[in-house]
Number of protein chains: 2
Amino acid sequence: MLPVDPTQALRDAGLRVTGPRIAVLEALSAHPHADTDTIATAARTALGAVSTQAVYDVLRALSDAGLARRIEPAGSPARFELRVGDNHHHVVCRVCGAIADVDCAVGERPCLDPSDSHGFVIDEAEVTYWGVCPDCTST
Amino acid sequence: MLPVDPTQALRDAGLRVTGPRIAVLEALSAHPHADTDTIATAARTALGAVSTQAVYDVLRALSDAGLARRIEPAGSPARFELRVGDNHHHVVCRVCGAIADVDCAVGERPCLDPSDSHGFVIDEAEVTYWGVCPDCTST
DNA sequence: AGGCAATCTTGATCGATTCCAGAAAAGGTG
DNA sequence: CACCTTTTCTGGAATCGATCAAGATTGCCT
């Protein structure tokens, strides 16, 4: 059982309920931080056939609706996650690209204030920790 | 006059001194946070003709040698800057993509410690502030 | 000056993402 | 429950940033 019913989540967000959308939501639930290819493969396993564009469109719709969040570490294709309510950050492995969540110490965004904002109106501070994951360290 | 003589900087880093490299260094000095296309155009203005690969090779060589730093905000092509000694961060405009430097409050890296590192060995905390720049705010 | 090795040129290739036009389907309405 | 409008999905092609490959050049050390 999923933490949130995909159908209900879509309706609550004012989005139409379709096969590809449910499949993508379930794929995201099963594979946090998955890239589009992984999501597309999982969705196709569930539905039989889903076009690449449908996956991209769905992911964009979910991002716009606030149901999913797009994260894009440098040197990696876009990845998506369902955790959107809290303001958390990520650790990325320099070797294998694995991603893990890191809770924000502050909890509200922006959780950091720049020393000099240069006149920018800042609404978010995105933190990416770079390092090496346990698997790659031991190898 | 440049803060650092490109020729000397290249020699100090153990790199060969070539036309394209000097042109790229000067382009970076004149255009902080420039993307590869801007750098290539500036280099061609200075030299007459420089191949795209030369620009990419030079940028990689400079990054590897520690003379330049590659930054890659989500949704934007790779950009490069010469400030490498300090540990500073960036503000990115959501509208026009402009980038400005923000000094790090701590100064040493990693300047932040994650609350739970999940066993990762972390060596850097990269902070990206997202907002709207003065120009885009007034429009 | 001589020679090795790194570097630059031209051209092709690749992966991720988006554009396009048309077919299909979801959801509100009578 | 059938109909209609609007959104969404399909299939194919195209774009964009970045990289690879092979050969010609050139910088640098002896």
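Refer to the structure printed above.
Our subject in this report is the structure included herewith. Since the model is a prediction, treat every value here as computed from it, not as a measurement. (Residues numbered from 1 in each chain as written. Chains lettered and ligands numbered in written order. Predicted model: local features only at pLDDT ≥ 70, side-chain atom pairs only at ≥ 80, totals over all residues. Heavy atoms only, no water.)

### Notes on the overall build of chain A
So, step 1. Of the regular secondary structure elements, chain A holds five helices and six strands.
So, step 2. Counting from the amino terminus, chain A carries its helices and strands in the arrangement α-α-β-α-α-β-β-β-β-β-α.
So, step 3. Over its C-alpha atoms, taken along the principal directions, chain A stretches across nearly 50 × 40 × 30 Å.
So, step 4. For chain A, the proportion of its 139 residues judged to be buried stands at 43%.
So, step 5. For chain A, the proportion of contacts with a sequence separation of at least 24, taken over those separated by at least 6, is 44%. (Helix = DSSP H or I, 4+ residues; strand = E, 2+ residues; numbered from the N terminus. Buried < 20%, exposed > 50% of the residue type's maximum accessible area, 1.4 Å probe, protein only. Contact = heavy atoms within 4.5 Å.)

### A word on the protein's contact with DNA strand D
So, step 1. Near DNA strand D there are 20 residues, and of these Thr18(A), Ser51(A), Gln53(A), Val17(B) and Gln53(B) occur at the shortest range.
So, step 2. When the atoms of DNA strand D within 4 Å of the protein are grouped by moiety, sugar and phosphate amount to 67% of the total.
So, step 3. Arg21(A) places a side-chain nitrogen or oxygen 2.8 Å from a phosphate oxygen of DNA strand D.
So, step 4. Residue Tyr56(B) places a side-chain N or O atom 3.0 Å away from a phosphate oxygen belonging to DNA strand D.
So, step 5. Mapped by element, the contributors of at least two residues to the surface near DNA strand D are α2 (19-30) and α4 (52-65) of chain A together with α4 (52-65) of chain B.
So, step 6. The residue makeup of the surface near DNA strand D, split by class, is nine nonpolar, five polar and six charged. (Near = heavy atom within 4 Å. Polar contact = N/O pair within 3.5 Å; in protein donor to acceptor, adjacent residues only side chain to side chain. Nonpolar A, V, L, I, M, F, W, Y, C, P; charged D, E, K, R; others polar.)

### Notes on the pattern of salt bridges
So, step 1. Counted under the stated rule, the structure contains ten salt bridges over all chains.
So, step 2. Ionic pairing is found between Arg69(A) and Glu124(A), a salt bridge with its closest N-O pair at 3.8 Å. Taken as a pair, Arg69(A) in strand β2 (residues 69-71) and Glu124(A) in strand β6 (residues 121-132) lie far apart in primary sequence, 55 residues in all. Note on accessibility: Arg69(A) and Glu124(A) belong to one class, buried.
So, step 3. In this structure, Asp123(B) and Arg94(A) form a salt bridge, with 2.7 Å as the shortest nitrogen-oxygen distance. Linking Asp123(B) in strand β6 (residues 121-132) with Arg94(A) in the loop between β4 (89-93) and β5 (99-102), this pair reaches from one chain into another.
So, step 4. Judged by relative accessible area, Asp123(B) falls into the partly exposed class, the value being 28%. (Salt bridge = Lys/Arg side-chain N within 4 Å of Asp/Glu carboxyl O.)

### Digging into the interface of chain B and chain A
So, step 1. The interface is formed by 35 residues belonging to chain B together with 35 residues belonging to chain A.
So, step 2. In total, chain B and chain A occlude about 2,800 Å² of area from one another, counting both sides; carbon and sulfur atoms represent 57% of this.
So, step 3. Its largest share of buried area at the contact with chain A, chain B owes to Phe120(B), Glu126(B) and Tyr129(B), together 22% of the area lost on that side.
So, step 4. For the interface between chain B and chain A, the tally reads four salt bridges.
So, step 5. Between the two partners, chain B and chain A, sit 18 residue pairs in polar contact (both at pLDDT 80 or more).
So, step 6. If you list the elements that add at least two residues to the side of chain B that touches chain A, you get β4 (89-93), β5 (99-102), β6 and α5 (134-138) of chain B. (Buried area = accessible area lost by both parts, 1.4 Å probe.)

### Let's talk about empty space enclosed by the protein
So, step 1. For the structure on display, the rule yields one cavity of 30 Å³ or more.
So, step 2. Roughly 290 Å³ of internal volume is contained in the largest cavity.
So, step 3. Every residue lining the largest cavity is counted, 27 residues in all, and those nearest its centre are Glu126(A), Thr128(A), Glu72(B), Glu126(B) and Thr128(B).
So, step 4. Breaking the lining of the largest cavity down by element, the ones donating at least two residues are β2, β4 and β6 of chain A together with β2 (69-71), β4 and β6 of chain B. (1 Å grid on protein atoms, 1.4 Å probe; cavity = no way out; pocket = protein on both sides within 12 Å on 5 of 7 lines; lining within 4 Å. Points joined across faces, edges and corners; volume = space filled by probe spheres on them.)

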